[in-house]
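# Coordinate analysis (summary)
Letter by letter, the chains look like this.
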Amino acid sequence: MLIYRLVFIFMPVVIYMSFMWAPPAAILGDASRILYFHVPVAWVSVAAFIVSGIQSILFLVSENKRREREYMAYNSAAAGMVFTILTVITGSIWAKLSWGSYWNWDPRETSIVVLMLIYIAYLSLYSSLKEHPNRGGISSVYLIIAMITMPFFIFIIPRIYSSLHPDTIINQEGKIHLEAAMRITLFASIVTFTLLYGYIYRLMNRISRLEIKAEEKHYDI
Amino acid sequence: MQSRLFKNLRKDFLIEFRNRSAMNISFAFAGITTLSVSLACGGASLTPQIHSVLLWIIIFFSGMSGLSHIFIREEEERTSLFLALHSDAENIYLSKLIFNIILFACITALVTPLYLFFMQVMPVYRLYFILTASAGSLAVASITTILGAMVAKAESRGSLFTVISFPVMIPVLWISIQLTSDSLEGGSPPELRSLLFLLAFSGVIISVSYLTFKFIWTEQ
């Protein structure tokens, strides 16, 4: 779809806005600019997990397009894994700049690591079921079981245990504590990284579709 | 339905008691891990937090060593297809779940007193301690039953079971460690809602597993 190609226009604009247009934060200064990359990749990590989970549920409940659903769930998880690693890296850099150490086992740091472990577990399970005819069904059930634990990490733990992490975009007061220019840059970046995920995801799905077609035609690729 | 369930359960217990090696290994693993931890600590004075972490690590790995066995045995002995023809998926799941809950309750009942004895620690809130160990074991058994069914169908089962279990098990371990620490430490009584969380978590996992087990057991 054409909309995902907008990423080629939006990405340079967002990079410019992040480094040149948005003002530095009051205490952190220019180091705060990592916000425009850390928050969007964290959002995409969770969004990719949700997409993967939805595709898994659809795989189990629908009668047709099952093969397609299977690789769509897998591809979203594979893309989500990359974004989760980026979240961990950008989060560690930000933690070092603001708290003085790369890792603190803060509740929010823990929740993103758990998400990464779920991705690793899912991808490991999927690859070890290579020869099994029910690969899609088994891996889909795993993702659904793993999805049950996610609200605990994303919504419950950070609210029970004290965290050094700044307020999330949607906090308990329902307000965004950012200047207008910073807010616009952040939302532009979130949209751009979502488009980037959509673009990569579509490409991966196209490749999977071609691989299946080639398999069906007995081509060896 | 009930008669099939009890027949399956009886069959599992009979097979395990006839060939005790798997169960003996599970119990031996749990006992040896507890002893090796206490030996390594060598009478050192540990905080309640460290005690609860060590206890739950032992319980977690004891579960990892034995709880997938019930499904792996069906695959290794090539009886899973026959079982699928004989009983519906829900019956099979419930019988394996009950078996795992009983087995893991026995393992926890072995590990916990051994740990308390060798580490010379006594919980201040004993009832909370027992309830936490019971609710935590129930949660571990309910998670590992469905994951054991998945692993039985995969290659490189042993290491994969730990890899896929750990992320799902973290909420249970987190809450159980906190509750155990509170019941060992004294001070303010542990929160009842955390205990309820463990029971609710087990309930949700068992419900979802019951609904989705047929997608694992029967080829779609």
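Because the structure is predicted, anything quoted here is derived from the model rather than measured.

Per the secondary structure count, chain A includes seven helices and zero strands. The secondary structure elements of chain A, listed N-terminal to C-terminal, are α-α-α-α-α-α-α. A total of 221 residues make up chain A; the buried ones form 36% of that total. For chain A, the proportion of contacts with a sequence separation of at least 24, taken over those separated by at least 6, is 77%.

The next thing to look at is the environment of A:Ser18. Residue and element names in this part refer to chain A. Within the element layout of this structure, Ser-18 appears in helix 2 (residues 7-21). Ser-18 sits in the partly exposed class, given 19 other C-beta atoms within 10 Å. Placed 17 residues apart in sequence, Ser-18 and Leu-35 show a C-alpha to C-alpha distance of 8.9 Å. Residues contacting Ser-18, with those up to four places away along its chain left out, are Arg-33, Tyr-36, Thr-185 and Ser-189.

It is worth spelling out helix 2 of chain A at this point. Residue and element names in this part refer to chain A. Listed in full, the buried residues belonging to helix 2 are Val-7, Val-14 and Met-17. Each buried residue of helix 2 sits inside an arc of 90° when the element is viewed along its axis, so together they form one side. For helix 2, exposure combined with an orientation more than 90 degrees from the buried face picks out Phe-8, Ile-9, Pro-12, Tyr-16, Phe-19 and Met-20. Of the surrounding secondary structure, the elements contacted by the buried residues of helix 2 are helix 1 (2-5) and helix 7 (180-216).

This part is about the interface of chain A and chain B. At the interface, 23 residues of chain A touch 22 residues of chain B. Residue assignment for the side of chain A that touches chain B shows that the elements contributing at least two residues are helix 5 (107-128) and helix 6 (135-160) of chain A. Ranked by residue count, the leading element in the side of chain A that touches chain B is helix 6 of chain A, at 11 residues. Counted by class, the side of chain A that touches chain B contains 16 nonpolar, seven polar and no charged residues.

Moving on: helix 9 (residues 192-217) of chain B. All names here are of chain B. In a regular helix each residue adds 1.5 Å, so 26 residues correspond to 38 Å; helix 9 covers 37 Å between its end C-alpha atoms and thus fits that length. Of all the bends in helix 9, the greatest, near 45°, is centred on Leu-211. When helix 9 is considered as a whole, its buried residues turn out to be Leu-198, Phe-201, Ser-202, Ile-205, Ile-206, Ser-209, Thr-212, Phe-213, Phe-215, Ile-216 and Trp-217.

Summing up the model confidence of chain A, the mean pLDDT is 85 and the portion of residues at 70 or higher is 87%. Ranking the helices and strands of chain A by mean pLDDT puts helix 3 (residues 35-61) of chain A first, with 92, and helix 6 of chain A last, with 81.

Rules behind the numbers
Residues numbered from 1 in each chain as written. Chains lettered and ligands numbered in written order. Predicted model: local features only at pLDDT ≥ 70, side-chain atom pairs only at ≥ 80, totals over all residues. Helix = DSSP H or I, 4+ residues; strand = E, 2+ residues; numbered from the N terminus. Buried ≥ 20, exposed ≤ 12 C-beta atoms within 10 Å, placed from the backbone. Contact = placed C-beta atoms within 7 Å. Arc of directions from axis to C-beta. Nonpolar A, V, L, I, M, F, W, Y, C, P; charged D, E, K, R; others polar. Expected span 1.5 Å × (residues − 1). Bend = angle between axes of the 7 residues up to and from the residue. pLDDT = per-residue confidence, 0-100.

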